[in-house]
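Structural overview
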There are 2 protein chains.
Amino acid sequence: MNTEVPRAAFDLSLYLVLDPDMCGGVAGMVRVTEAAIAGGVTMVQLRAIGWRKRAFWDAACALQPLCRSHRVPLIINDHVDVALAVDADGVHVGQRDFPAKEVRRLLGETKIIGVSVSNAQEWRDIEPGAADYLGVGPVWLTATKPEAGPALGIDGLRSLLALRAGAASPKVVAIGSINAHNAREVMETGVDGVAVVSAICASEAPEEAAQALCEVIGS
Amino acid sequence: MNTEVPRAAFDLSLYLVLDPDMCGGVAGMVRVTEAAIAGGVTMVQLRAIGWRKRAFWDAACALQPLCRSHRVPLIINDHVDVALAVDADGVHVGQRDFPAKEVRRLLGETKIIGVSVSNAQEWRDIEPGAADYLGVGPVWLTATKPEAGPALGIDGLRSLLALRAGAASPKVVAIGSINAHNAREVMETGVDGVAVVSAICASEAPEEAAQALCEVIGS
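Reference entry: report on the structure contained in this document. Along each chain, residues carry numbers from 1 onward, in the same order as the chain's sequence is written. Whichever chain is written first becomes A and whichever ligand is written first becomes 1, with later ones labelled in order. Residues qualify for local features only when their pLDDT is at least 70, as the model is predicted, and side-chain atom pairs are given and counted only at 80 or more; totals for whole chains, interfaces and linings, by contrast, use all residues. With hydrogens and water excluded, all non-hydrogen atoms of the structure serve as input to the side-chain values.

Turning our attention to the sheet that holds strand β4 (residues 90-93) of chain A. Residues and elements named next belong to chain A. A pair of strands counts as paired when DSSP detects no fewer than two bridges linking them. Secondary structure elements are taken from DSSP: a helix is a run of H or I of four residues or more, a strand is a run of E of two residues or more, and numbering for both begins at the N terminus. If you walk around this closed barrel you meet the 8 strands as β1-β2-β3-β4-β5-β6-β7-β8, and the pairing is parallel. Here the average twist between neighbouring strands, direction ignored, is 25°. Against the sheet, helix α3 (residues 53-69) engages β1 (14-18), β2 (43-46) and β3 (74-77), with an angle of about 165° to β3. Here an axis means a line fitted to C-alpha atoms, over the contact stretch when the element is a helix, while the angle between two N-to-C directions is reported on a 0 to 180 degree scale. Note on contacts: a residue pair is in contact if any heavy atoms of the two residues lie within 4.5 Å.

Residues and elements named next belong to chain B. Read around the closed barrel, 8 strands run β1-β2-β3-β4-β5-β6-β7-β8, paired in parallel fashion. Taken over all neighbouring pairs, the strand axes of this sheet differ in orientation by 25° on average, direction set aside. Here 3 bridges tie strand β2 (residues 43-46) to strand β3 (residues 74-77), and the two strands are oriented parallel to one another. Its bridge partner lying in β3, Val-44 is registered against Leu-74. Along the sheet face, helix α2 (residues 25-39) touches β1 (14-18) and β2 and points at about 175° away from the line of β1. Packed on one face of the sheet, helix α3 (residues 53-69) meets β1, β2 and β3 and runs near 165° to β3.

Residues other than glycine predominantly adopt negative phi, and peptide bonds predominantly adopt the trans conformation. Residues and elements named next belong to chain A. Following Gly-137, the chain continues into Pro-138 via a peptide bond in cis, with omega recorded as 0°. As for its position among the elements, Pro-138 is in the loop between β6 (133-136) and α7 (153-161). Even without being glycine, Asp-78 reaches a positive phi, approximately 75°. Its place among the elements puts Asp-78 in the loop between β3 and α4 (80-86).

A word on the packing of α2 of chain B against helix α10 (residues 206-217) of chain B. All names here are of chain B. Where α2 contacts α10, the two axes come as close as 7 Å, and the packing angle between them is 35°. Crossing hand, α2 versus α10: right-handed. Residue-level inspection shows Arg-31, Val-32, Ala-35, Ala-36, Ala-38 and Gly-39 of α2 in contact with α10, the latter providing Pro-206, Glu-207, Ala-210, Gln-211 and Cys-214. Lys, Arg, Asp and Glu make up the charged group, whereas Ala, Val, Leu, Ile, Met, Phe, Trp, Tyr, Cys and Pro make up the nonpolar group; the residues left over, Gly among them, are polar. Class assignment for the residues of the contact of α2 with α10 results in 7 nonpolar, 2 polar and 2 charged. Handedness of a helix crossing follows the sense of rotation of the near helix relative to the far helix, less than a right angle counterclockwise being left-handed and clockwise being right-handed.

All right, on to the packing of aromatic side chains then. Here a Phe, Tyr or Trp ring, Trp counted by its six-membered ring, pairs with any other such ring whose centre lies within 6.5 Å, and the pair is stacked when the planes are under 30 degrees apart, edge-to-face when over 60, and tilted otherwise. In total, this model carries 6 aromatic pairs over all chains according to the counting rule given. On the numbers, 6.2 Å between centres and 65° between planes, the contact of Phe-98 of chain A with Trp-57 of chain B is edge-to-face. With Phe-98 of chain A in the loop between β4 and α5 (100-107) and Trp-57 of chain B in helix α3, this residue pair bridges two chains. Buried residues are those whose accessible area, probed at 1.4 Å on protein chains only, stays under 20% of the maximum for their type, while exposed residues exceed 50% and partly exposed ones sit between those limits. A residue is classified by how much of its surface remains accessible, and Trp-57 of chain B, at 15% relative accessible area, is buried. With centroids separated by 5.7 Å and ring planes inclined at 70°, the aromatic side chains of Tyr-15 of chain B and Tyr-133 of chain B adopt a geometry described as edge-to-face. Placement of the pair is Tyr-15 of chain B in strand β1 and Tyr-133 of chain B in strand β6 (residues 133-136), with a sequence separation of 118 residues. Taken together, the ring pairs in this structure connect Phe-10, Tyr-15 and Tyr-133 of chain A into an aromatic cluster. A positively charged side chain is recorded as over a ring if its NZ (Lys) or CZ (Arg) lies within 6 Å of the ring centre. The angle to the ring normal must also be within 35 degrees. Taking the ring centre of Phe-10 of chain A as reference, the NZ or CZ of Lys-171 of chain A above it sits at 4.3 Å.

All names here are of chain A. Given a rise of 1.5 Å per residue, 12 residues ought to cover 16 Å, and the 16 Å separating the end C-alpha atoms of helix α10 (residues 206-217) matches this to within 8%. Every buried residue belonging to α10 is among Pro-206, Ala-209, Ala-210, Leu-213, Cys-214, Val-216 and Ile-217, and all of these are buried. Down the axis, α10 shows its buried residues gathered within 165° of arc, on one side only. Considering only its buried residues, α10 is in contact with β1, α2 (25-39), α8 (183-187), β8 (193-196) and α9 (198-201). Positioned one or two residues after α10, Gly-218 has a phi angle of 75°, which is positive. A helix's residues, less one, multiplied by 1.5 Å, set its expected span. To be clear, the arc concerns the directions from the helix axis to the C-beta atoms.

Spelled out as structure tokens, the structure:
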């Protein structure tokens, strides 16, 4: 079962975005990821803003076999070279990273590509077919990504979701201060899942935190 | 003649390391590079510490056709994905970037790989055959790379050069506050070339600055 998840079959329901500072470095990220997967997390993203490449690559090397053994996709934030080096399942890019089309060219057709979107213009600017999913947010303001822009709120999220155009449209995961208390409200907008940072990384019991989120979102 | 320089044939004599702030952004780097190549620069490295990937990639896209048309290798600092995206001639890594062996695996056998080395331990730690050249320094202290460690001085540079082991050893380019006034002294240690940042990027006449350096180093 040590195979990668096909690009068409990934599950955004509960998407853990790792914060190395909150988790306590590489060992902490491994511990949190293992617990969070046991608790029901369906995707994992390694995001380590400002980390030098060696440390980022070390972290990816530690996380890749763990995620692969559970068939949970490991997505690398920004660094396509690290994704290639560890044969990760995909890459997530923001508006100031590589364009999705370039990531697709570098990664090939079998990998998952996600793009951060915070407004209608950014959504419309994505080349058709380039992204497999969009990370839409911040739903609420967040300390973990201060440059993420103004909060959308539930209404703003709904407005953006109206841009979806049928089955060919990328899936959507919402992000930005989502936790077990507000996740149901987010899911009711029709998103395919929620992405969380603090709700799991800052928890003293990440497995239980993931379980609680799973119950709320009904996955 | 729009072909890449073979890995075996690169010339380290006068290696321009671009500083985007000194040059004035992407347009400035293009202007400086064009003038510096006219003045005799033999290699160009794009280094933009702290730049996000989109901006870094934009700069690489602008520099690649210019360097390629003059058959001057363009080397990308740190970001293997950017090098792959623009088909650059190689990658330069520091001690906190990807290990050279991993860069070789990602880039293939035809590209040039350089590694920064500041002491004997770092030199010995490089996997045999992984690096095509070493960037050794800082010879003198430099404001453009404050984390580069203590200055080697000419004597320290000579000590490190004693680690070279015959023709299979990587070539060496010295770096760290090298300019037209001190370049001869550096060349006399037996290095294959000098790398400069400020001496060209901060010059009001980069072509003449490169010419002056070429005369001193005798290339």
